[in-house]
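# Residue-level structure breakdown
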Amino acid sequence: ELSKSIDKKYSSRFTLVEKEKFSEYEKYVKEILDKKGLKIDIKINKVIYADSDSNGENEIYILSNSVHKDVDDDFENGRYSLVLKVENEEVEVLLEKVLTPEVMSNMEYYLKYYGISGLTLVDFNNDGKLEIVIDACTWDIPETYVIRLNDSNEKELCLYGCFAW
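Okay, so let's go over this structure. (Residues numbered from 1 in each chain as written. Predicted model: local features only at pLDDT ≥ 70, side-chain atom pairs only at ≥ 80, totals over all residues. Heavy atoms only, no water.)

## Some details on the environment of valine 17
Spelled out, the test is: Helix numbers and strand numbers start at the N terminus; a helix is a DSSP run of H or I with at least 4 residues, a strand a run of E with at least 2. Residue contacts are counted whenever heavy atoms from the two residues lie within 4.5 Å of one another.
Position of valine 17 among the secondary structure elements: in the loop between strand 1 (14-16) and helix 2 (26-35). Residues valine 17 and valine 47, 30 residues apart in the sequence, show an inter-C-alpha distance of 5.4 Å. Apart from the residues within four sequence positions on either side, valine 17 is in contact with Phe22, Tyr25, Val47 and Tyr49.

This is the structure:
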């Protein structure tokens, strides 16, 4: 079966980190939020260890959907979603979505659809490097980003797709 061969092929290339260990990765999200001057409660949704560039060393990929501190209702106080890549303690933002309270005040219907919801790694073109696949949503339009790391280890958006109702 195809699914079994894919699981076997990549079993040594990436690992999903258990939810109980997510707090160990908050420092990377905090570093980015601090640089932006944002006081936000950090919520990590997914952490993946992967050798995405086939250099023999794992990189860390983090999906975080966070809300402003000291508030009970994040729908009225803003959201911040991001996907990070961490390599040798260097943190890079791959994708971010910011929803401010001002924008949110007129967009109640769309709020449940906003942010970054998915993160995985797949070798689409069979070159031995894993592409980064991110599912997000802006308002009510689902978006998929496929990001490839080039030979200089810089990110390139190689595919962007969306579907409007």
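After presenting the structure, the write-up continues.
## Observations regarding the packing of aromatic side chains
To keep things clear, this is the line we draw: Each Phe, Tyr or Trp ring, with Trp reduced to its six-membered ring, pairs with another whose centre is within 6.5 Å; inter-plane angles below 30 degrees give stacked pairs, above 60 give edge-to-face pairs, and intermediate values give tilted ones. Note on exposure labels: buried denotes an accessible area under 20% of the residue type's maximum, exposed denotes more than 50%, and partly exposed covers the range between, all computed with a 1.4 Å probe on protein chains only.
Under the counting rule described, the total for this entry stands at 1 aromatic pair. Where tyrosine 25 meets tyrosine 49, the ring centres are 6.1 Å apart and the plane angle is 75 degrees; that geometry is what we call edge-to-face. Of this pair, tyrosine 25 sits in the loop between strand 1 and helix 2 while tyrosine 49 sits in strand 3 (residues 44-50), placing them 24 residues apart in sequence. With a relative accessible area of 27%, tyrosine 49 lands in the partly exposed category.

## A short note on unusual backbone geometry
Most peptide bonds take the trans form, and the phi angle of most residues other than glycine is negative. A positive phi angle is found at asparagine 88, which is not glycine, with a value near 55 degrees. With respect to the element layout, asparagine 88 can be found in the loop between strand 5 (79-87) and strand 6 (90-99). Positive phi values are uncommon outside glycine, yet asparagine 126 reaches one of about 60 degrees. For asparagine 126, the location among the structural elements is in the loop between strand 7 (115-122) and strand 8 (131-138).

## Concerning the pairing of strand 8
Along a regular strand, successive side chains alternate from one face of the sheet to the other. Basically, it comes down to this: Should DSSP find at least two bridges between two strands, the strands are regarded as paired.
Within strand 8, 7 of the 8 residues are buried, which leaves it mostly tucked inside the rest of the structure. Of the pairings in the sheet, the one linking strand 7 to strand 8 comprises 7 bridges and is antiparallel in character. By the bridge assignment for strand 8, valine 122 is matched with glutamate 131. Where strand 8 and strand 9 (residues 141-149) come together, 7 bridges link them in antiparallel fashion. Following the sheet pairing, threonine 138 is matched in strand 9 by isoleucine 141.

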